[in-house]
Every structure is written in C-alpha cells, then in structure tokens.
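The chain contents come next:
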Amino acid sequence: MRTSAVISGVLALILLLLVAVGWSPLLSFDRSVAEALHRSALAHPGFTHVNRVLTDWVWDPWTMRALAAVATVLLWWRKERRPALWVAGTSLLAAGLQQALKSLVDRDRPQWADPIDSARYSAFPSGHAMTATVTCGLLLWVLALHWRDEWRGWGTVAGVAAVSVLGVGFTRVYLGVHWPSDVVEGWLLGWLCVAVAVLTYRWSERREAPGGEGGHGSRMGERR
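Computed from a predicted model, the values in this text were never measured in an experiment.

Some words on the overall build of the protein
And then number 1: When its secondary structure is counted, the protein shows 9 helices and 0 strands.
And then number 2: Secondary structure elements of the protein, listed N to C terminal, follow the sequence α-α-α-α-α-α-α-α-α.
And then number 3: A globule of 224 residues ought to have a C-alpha radius of gyration of about 17 Å, and the protein, at 19 Å, matches this closely.
And then number 4: For the protein, the spread of C-alpha atoms along the principal axes amounts to about 65 × 40 × 25 Å.

Below, the structure written as structure tokens:
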C-alpha cells in the first residue's frame, strides 16, 4: 500500500506540473482523444443518453458521497468509530483537495460548437473521477476489514467498483466536459487519498494495540 501511495502521488504531481506548464504533447493528446469521442457522441445519441444517465445519477459525486455517508453512519452504529471517522474524514479531505486544485490550476473545459453536456467550475482534476475512486476505494477497504476472507461476493463487488471508477472517467470525456488528463489526475489523487487513509488507519491501530483502545483496534486488525 505504501508503494502504491508513493507511485500515485509522484505520478499525480508530474501530471499536475505538465498541465500547469501546458506541455504541448499532453495537450495535443488530450485534444485528439476528446475530439474523437465528441464526434462519436454526436453520431450515437442513444449511447450518449446512457452516458448522461450514468454520469448524472449513478456515478454522480453526490451519489458517491451519499454512499460514503451511509457507510459512515453504519460503522458508527456498529460502534466502529475509528473506521467511521476515517471514511468521513478522507471523503471530506479529498473533496477539499479537489476544489483547491481546481482553483489553483483553473483549467478550461473543452469548448464545442455543438456541446453534448455542460459542467461548472474548472476542469482539472475531474471531480467525478476522483470522488468515485475515493468512495469505491474506501467502501472496498471497509468491506475487506470484515468479510473479504469469507464472503464469496467479494469479487463481484470489486468488479462493480472498478467498472464504476473507470466508467465514470470515460463518461466525462465522452460527454465533452473533461480532458483525458483531468480524469487520470482524478484517479491518481483519489487512489492516493485512499492509500494514505488505509496507511494512517493501520498506523493508528498499531499505536493503540498495546493498551487503551487496543482491544477494539486489534479485533479490526484480525479481520484484516
């Protein structure tokens, strides 16, 4: 987990710098992919409508935040206060990081003569991609703490999470409201947030294990 956190953090920083300085090969790639997908969206209105439903309802950031809120409430109700605080805190910190970077980079969204969809605020990073990655990652982590070893549906849930994260990124570019690099940055930052959350949680469990809350923390550790 530590290695993936470092890798995702380094890649996210590199991509941020490339976008900030306007590296022409990256901008050219973004433009070519966005234009190709925009032409496809115009040519296939039925598929475009499906993408709008998915991005506006199923994988919308507020849907994802609602799932994180439900997970937080359930964990708190089960008296698992520490993981509940980690889910809520990570979700809030990720949202703050996302908005801060949008303001800092202030990247324009794609502009089309015949737009398919519209979106507010700056483009970089993609809020949809980042929020989906954070929420799905946290939910998988919470499920793994409890049921991964004995729950046969784990593979299905992990597959749904992966499709959601990758799918929402595709919809944002397909609908012409993001550049591909916006989405990639959202994925990288989202995973970085999840990885840091898991690492700090494990650190807190080890710190508490000898005494104090160690009884509760060790039980969670055993499930993992």
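What about helix α7 (residues 154-174)?
And then number 1: For α7, spanning 21 residues, the distance from its first C-alpha to its last is 30 Å, which sits close to the expected 30 Å at 1.5 Å a residue.
And then number 2: Considered for burial, the residues of α7 that qualify are Trp154, Ala161, Ser164, Val165, Gly167, Val168, Gly169, Thr171, Arg172, Val173 and Tyr174.
And then number 3: In this structure, the buried residues of α7 make contact with α2 (24-43), α3 (45-58), α6 (127-146) and α8 (180-208).
And then number 4: Phi turns positive, to about 80°, at glycine 176, one or two residues after α7.

Observations regarding the pattern of salt bridges
And then number 1: A complete count under the given rule lists 6 salt bridges for this structure.
And then number 2: In this structure, the salt-bridge partner of aspartate 30 is arginine 107, at a minimum N-O distance of 2.8 Å. Remark: arginine 107 occurs in the loop between α5 (81-105) and α6 and aspartate 30 occurs in helix α2; sequence separation between them is 77 residues.
And then number 3: Residue class for arginine 107 comes out buried when judged on its relative accessible area of 11%.
And then number 4: Residue aspartate 117 pairs with arginine 52 through a salt bridge whose shortest N-O separation is 3.4 Å. Residue aspartate 117 is found in the loop between α5 and α6, and its partner arginine 52 is found in helix α3; the two are separated by 65 residues along the sequence.
And then number 5: On the accessibility criterion, arginine 52 (33% relative accessible area) is partly exposed.
And then number 6: Members of the salt-bridge network, linked through shared partners, are Asp30, Arg107 and Asp182.

Rules behind the numbers
- Within each chain, residue numbers correspond to sequence positions counted from 1 in written order.
- Whole-chain, interface and lining totals are the exception, using all residues; otherwise, since this is a predicted model, local features are given only for residues with pLDDT of at least 70 and side-chain atom pairs are given and counted only at 80 or more.
- Side-chain numbers here rest on the full set of heavy atoms in the structure, without hydrogens or water.
- Helix and strand assignments follow DSSP, with helices taken as H or I runs no shorter than four residues and strands as E runs no shorter than two, numbered in order from the N terminus.
- The globule rule is 2.2 Å times the number of residues to the power 0.38, and the radius of gyration it is compared with is taken over C-alpha atoms.
- Expected helix span is computed as 1.5 Å times (number of residues minus one).
- Each residue's exposure class comes from its accessible area (1.4 Å probe, protein chains only) as a fraction of the maximum for that residue type: buried when under 20%, exposed when over 50%, partly exposed otherwise.
- Contacts were defined at the residue level, with two residues in contact if any of their heavy atoms lie within 4.5 Å.
- Salt-bridge detection follows one rule: a side-chain nitrogen of Lys or Arg within 4 Å of a carboxyl oxygen of Asp or Glu.

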